[in-house]
Amino acid sequence: MTGVAPRFSRITGTGSMLPARRVTNAELAAQLAARGIETSDEWIIERTGIRARHFAAPEQTASDLALEAARHALEAAGRKAGEIDLIIVATSTPDMVFPSTATIVQHKLGVAGCPAFDVQAVCSGFVYALTVADALIRTGSARRSLVIGAEVFSRILDFDDRTTCVLFGDGAGAVVLEASDRPGLLASDLHADGAYRDILCTPGTVSGGRVLGDPTLKMDGPAVFKLAVKVLEESARAVLAKAGRSDTDIDWLIPHQANIRIMQGTARKLKLPLDKLIVTVDEHGNTSAASIPLALDVAMRGGRVRAGDTVMLEGVGGGFTWGAVLLDM
Ligand code: ACO
């Protein structure tokens, strides 16, 4: 790398971590039935594509999952934690109100000194975090970053609300994003509109030493569905235009894994064959900010996404926030 060459960022390694406990739809339905709430494996599969999700153990935090995902990503990149000069964690289920989960991960990795902070953009968090890391690399503020999405959404679910508790799971995914002479990340497109803050939120907060308001997830599912389908198509087209590419250049589409119907709808609008769509929602459920890096890692390790492939990552979530990143692996 020379001082005058334009600086780009590339993903050099991916990793992920799922908690050991896998909960099938049938198991969850039986637990809900014991509370007098009716749901079924058939309903969940048909409306969402989800078959199972993983739930963290009571003592397992977002930083624990993030740490393991980060270690796997570092190993894949052939890097040591001490070589990392920026850590960003995208999460809506942090270990604490403060400090950030990123500083906790940094300490657990056994390093100190480099900047570490969280990004809060709910299910769009990973595309936001990746864009921030790319920008810091391009300005020369960082050379080797860890970008992580980590969530323990099981902690904020209301298991008396069947319209939400069947949808989410826990997990973490991570990438090492490094400075490079060759472009990896080609373009990104980020948006938010707070007018929609109430259709997907966890409204509670901590005040006066107590939880104030409801600390469980609330969602207007049909409203989220409608908006998600619209903005995912718009953002996909915007990021392609910014990168000077067309939809035929996409080798793989990795959207936020919320609902198979939203994901397939987006692929169809982009005229992408469904076999170019990476799907992990069936086994992971919706892991919010972790879903995209988890799916990317599964696709890399499964040999589907390979070096040189053009990949579109797309996030959408609470805020409302949404965005896309186009990259060459
Ligand atoms: N089991 C059985 N029946 C259910 C369940 C369930 N788990 N949940 C809802 N139903 C019932 C409803 O009560 C309703 O019954 P009714 O007709 O008697 O009133 C019926 O099923 C249909 O409900 P809808 O909400 O209209 O169902 P829909 O087809 O829209 O599916 C879903 C609901 C899956 C939530 C869908 O709207 C969706 O996927 N929305 C987007 C969710 C999403 O992407 N969220 C994450 C965004 S990312 C983030 O930031 C967290």
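The preceding data block contains the structure.
The present account deals with the structure reproduced in this document. (Residues numbered from 1 in each chain as written. Predicted model: local features only at pLDDT ≥ 70, side-chain atom pairs only at ≥ 80, totals over all residues. Heavy atoms only, no water.)

### Some details on the nonpolar core
Where we set the bar: Take the buried Ala, Val, Leu, Ile, Met, Phe, Trp, Tyr and Cys residues and link them wherever side-chain atoms come within 4.5 Å; each set so joined is a nonpolar core. To sort residues, take the accessible area from a 1.4 Å probe on protein chains only and compare it with the maximum for the residue type: under 20% means buried, over 50% means exposed, and anything in between is partly exposed. To qualify as a helix, a DSSP run of H or I must reach at least 4 residues; to qualify as a strand, a run of E must reach at least 2; elements of each kind are numbered from the N terminus. The contact rule is simple, with two residues in contact once any of their heavy atoms fall within 4.5 Å.
Val166, Leu253, Met312, Val316 and Phe320 are the most contacted members of the largest nonpolar core, which has 45 residues in total. Elements with a minimum of two residues in this core: helix 1 (25-34), helix 7 (221-243), helix 8 (260-269), strand 14 (310-317) and strand 15 (321-328). At 9 residues, helix 7 tops the list of elements feeding residues into this core. Excluding residues that lie within four positions of it along the chain, Val166 makes contacts with Leu28, Leu32, Thr39, Ile44, Ile50 and Arg53. With 33 residues, the next largest nonpolar core counts Ala90, Ala133, Ile292 and Leu327 among its residues.

### Details of unusual backbone geometry
The bulk of non-glycine residues show a negative phi, and the bulk of peptide bonds are trans. Note that the residue after Phe98, namely Pro99, is joined by a cis bond; omega there is 5°. By secondary structure assignment, the location of Pro99 is in the loop between strand 4 (86-90) and helix 4 (101-108). Each neighbour pair has its own omega, and for Gly319 with Phe320 the value is -5°, a cis peptide bond. Tracing the backbone through its elements, the reader meets Phe320 in the loop between strand 14 and strand 15. Although it is not a glycine, Lys271 adopts a positive phi angle of roughly 60°. Residue placement: Lys271 occurs in the loop between helix 8 and helix 9 (281-284). A residue is classified by how much of its surface remains accessible, and Lys271, at 71% relative accessible area, is exposed. Phi at Ser288 is positive, roughly 50°, even though this residue is not glycine. Take Ser288: it is sitting in the loop between helix 9 and helix 10 (291-301). Overall, the relative accessible area of 0% leaves Ser288 in the buried class.

### Quick look at the environment of Leu65
With respect to the helices and strands, the residue Leu65 is situated in helix 3 (residues 62-77). For the pair Leu65 and Ala172, spaced 107 residues apart in sequence, the C-alpha separation works out to 5.5 Å. For Leu65, the residues in contact, after removing those within four places along its chain, are Met17, Pro19, Gln60, Glu151, Val152, Asp170, Gly171 and Ala172.

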